Amino acid sequence: QVQLVESGGGLVQAGGSLRLSCAASGSIFSINAMYWYRQAPGKQRELVAIITDTGTTNYVDSVKGRFTISRDNAKNTVYLQMNSLKPEDTAVYYCKARVSVNNYWGQGTQVTVSS
């Protein structure tokens, strides 16, 4: 079992920055990859970024060059640095941990970008 707690969301003006955190606890040694997803009102949840246990990262095209996923193994925490935010980035952001075939989700954190 893995428990995830997100933090760092809030209200920011367009062009601003936020850093989201996802703190993991439990069977963290077995995590294969960590993900950030987001879900805007009325839309499906979409994958934003991934970081594997080897440090490989990947991003959805709409955030490339603006968002950076990273991790601090000593703190068992994954981050999503979000720069040059746009109103269309407004969503609830969730982190997910993949352990073999199982997925564990956090509770989500709201990000609102005003124009």
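Structure first, text after, so check above.
The structure presented is a predicted model; accordingly, all values stated were derived computationally and were not measured. (Residues numbered from 1 in each chain as written. Predicted model: local features only at pLDDT ≥ 70, side-chain atom pairs only at ≥ 80, totals over all residues. Heavy atoms only, no water.)

### Quick notes on the overall build of the protein chain
Heads up, the condition is: Counting from the N terminus, the helices are DSSP H or I runs at least four residues long and the strands are E runs at least two residues long. Both definitions apply: the radius of gyration is a C-alpha atom measure, and the globule rule equals 2.2 Å times residues to the power 0.38. Accessible area is worked out with a 1.4 Å probe on protein chains only. A residue is then buried under 20% of its type maximum, exposed over 50%, and partly exposed in between. By definition, residues are in contact when any of their heavy atoms lie within 4.5 Å. Only the protein chains shown count as cover for residues, and all accessible areas are computed by the Shrake-Rupley method using a 1.4 Å probe. His is not counted, nor are the chain ends, whereas Lys and Arg count as positive and Asp and Glu as negative. Each charge is placed at NZ for Lys, CZ for Arg, CG for Asp and CD for Glu.
From N to C terminus, the protein chain includes 0 helices and 11 strands. Shown N-terminal to C-terminal, the secondary structure of the protein chain runs as helices and strands in the order β-β-β-β-β-β-β-β-β-β-β. Relative to a compact globule of 115 residues, whose C-alpha radius of gyration would be 13 Å, the protein chain shows 13 Å and is just as compact. Projecting the C-alpha coordinates of the protein chain onto the three principal axes gives extents of approximately 40 × 25 × 25 Å. Counting all 115 residues of the protein chain, 42% fall into the buried class. Taking as baseline every contact in the protein chain between residues at least 6 positions apart, the subset at least 24 positions apart corresponds to 51%. Surface exposure of the protein chain reaches about 6000 Å², of which carbon and sulfur atoms provide 48%. Charged side chains in the protein chain number 11 positive and 7 negative. The centres of these two groups are separated by 1 Å.

### Regarding the pattern of salt bridges
To be explicit about the condition: Each reported salt bridge corresponds to a side-chain nitrogen of Lys or Arg within 4 Å of a carboxyl oxygen of Asp or Glu.
One pass over the structure, following the stated rule, counts 4 salt bridges. We note a salt bridge from Asp89 to Arg66, for which the minimum N-O separation is 2.8 Å. One end of the pair, Asp89, is in the loop between β8 (77-82) and β9 (91-99); the other, Arg66, is in the loop between β6 (57-59) and β7 (67-72), and 23 residues separate them in sequence. We note that Asp89, like Arg66, is buried. Connected through shared salt-bridge partners, Arg38, Glu46, Arg66 and Asp89 make up one network.

### So, the state of the cysteines
Quick reminder of the rule: Here, two cysteine sulfur atoms that lie within 2.5 Å of each other are counted as a disulfide.
Scanning the model with the defined rule gives 1 disulfide in all. Across the disulfide from Cys22 sits Cys95; the S-S distance is 2.0 Å. Taking the torsion about the sulfur-sulfur bond, which here is approximately 55°, the covalent link between Cys22 and Cys95 counts as right-handed. Of this pair, Cys22 sits in strand β3 (residues 18-26) while Cys95 sits in strand β9, and the two are 73 residues apart along the sequence. For the pair formed by Cys22 and Cys95, the shared burial category is buried.

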